[in-house]
Amino acid sequence: MDVNDPLQNCPCCSNRAFRVCCGPVLKNHERATTAEQLMRSRYTAFTLGNSDFLLKSWAPETRPAEISCDDKVIRWLDPKVEGCEAGNEDSSKGTVSFTARFMGNDHLCYLHEKSRFIKKDTLWYYLDGETESATEKIGRNRPCPCGSSKKYKRCCC
């Protein structure tokens, strides 16, 4: 992804340009005004390998000492937000449920998470989440999950 391209779509699948969607939040955590906006920005940070933002936007009480996004084997495809509870500008906590697909080692994987967020002062933070995952082998002659309309063997493998 070329983050300097003004027309580049945001990886969070908002159908907005990165420069007006998650880009400003990744530069300034204060720009996330809702729990969903922070969730989308954290997803984008995962796709870009921005572990600094992931740590900064994680609540101190549950934050790990470090996080690694250096796994070049994973290719994130898309998140689908399935629901939000609270988490608006006037809330102090919120929950966002989403499913994200990714490819890795010839497998299509699904990660479903119900993420909890809290707001401290004016900043939203990821607190924790309940996750479920599923994996399926990608057949070489199946359509590629990336959406290219090509067979997997001619596209992403």
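Quick caveat: nothing in here was measured; it's all calculated off a predicted structure.

Cut-off values and rules
- Residues numbered from 1 in each chain as written.
- Predicted model: local features only at pLDDT ≥ 70, side-chain atom pairs only at ≥ 80, totals over all residues.
- Heavy atoms only, no water.
- Patch = residues over 30% accessible without salt bridge, like charges linked within 9 Å, V, L, I, M, F, W, Y side chains within 5 Å.
- Areas by Shrake-Rupley, 256 points an atom, 1.4 Å probe, with all protein chains shown as cover.
- Salt bridge = Lys/Arg side-chain N within 4 Å of Asp/Glu carboxyl O.
- Lys, Arg positive; Asp, Glu negative; His and termini not counted.
- Charge placed at Lys NZ, Arg CZ, Asp CG, Glu CD.
- Helix = DSSP H or I, 4+ residues; strand = E, 2+ residues; numbered from the N terminus.
- Expected span 1.5 Å × (residues − 1).
- Buried < 20%, exposed > 50% of the residue type's maximum accessible area, 1.4 Å probe, protein only.
- Contact = heavy atoms within 4.5 Å.
- pLDDT = per-residue confidence, 0-100.
- Phe/Tyr/Trp six-rings, centres within 6.5 Å; stacked < 30°, edge-to-face > 60°.

**Student:** Run through a positive patch on the surface, naming residues and quoting values.
**Tutor:** On the surface, a cluster of positive charge is contributed by Arg-140, Lys-151, Lys-153 and Arg-154. Mapped onto the elements of the fold, Lys-153 is located in the segment after strand S4 (123–137).

**Student:** An account of helix H2 (residues 35–48) is needed here, citing residue identities and associated values.
**Tutor:** Across its 14 residues, H2 extends 20 Å between first and last C-alpha, which sits within 8% of the 20 Å expected from 1.5 Å per residue. Along H2, the residues that are buried comprise Ala-35, Leu-38, Met-39, Arg-40, Ser-41, Arg-42, Tyr-43, Thr-44 and Ala-45. Close packing links the buried residues of H2 with helix H1 (22–27), helix H3 (51–56), strand S1 (75–86), strand S2 (93–104), strand S3 (107–120) and S4. At the C-terminal side of H2, Gly-49 shows a positive phi close to 75°.

**Student:** If you had to explain the confidence of the model for the protein chain to someone new, which residues and values would you point to?
**Tutor:** In the predicted model, the protein chain carries a mean pLDDT of 91, and 94% of its residues have values of at least 70. In the model of the protein chain, S1 stands out as the element of lowest mean pLDDT, 94, in contrast to H1, which has the highest, 97.

**Student:** Tell me about the packing of aromatic side chains, and please be specific about residues and values.
**Tutor:** Following the criterion strictly, the structure yields five aromatic pairs and no others. A ring pair is formed by Trp-76 and Phe-102, whose centres lie 4.8 Å apart and whose planes are at 50°; its orientation type is tilted. Taken together, the residues span a long stretch of sequence, with Trp-76 in strand S1 and Phe-102 in strand S2 at a distance of 26 residues. Taking relative accessible area as the criterion, Trp-76 reaches 24% and is therefore assigned partly exposed. Judged by its relative accessible area of 16%, Phe-102 is buried. For the ring pair Phe-117 and Tyr-126, a centre distance of 5.8 Å and an interplane angle of 70° mean the geometry is edge-to-face. With respect to burial, Phe-117 and Tyr-126 carry one shared label: buried. Among the aromatic residues, those joined into a cluster by ring pairs are Tyr-43, Phe-46, Trp-76 and Phe-102.

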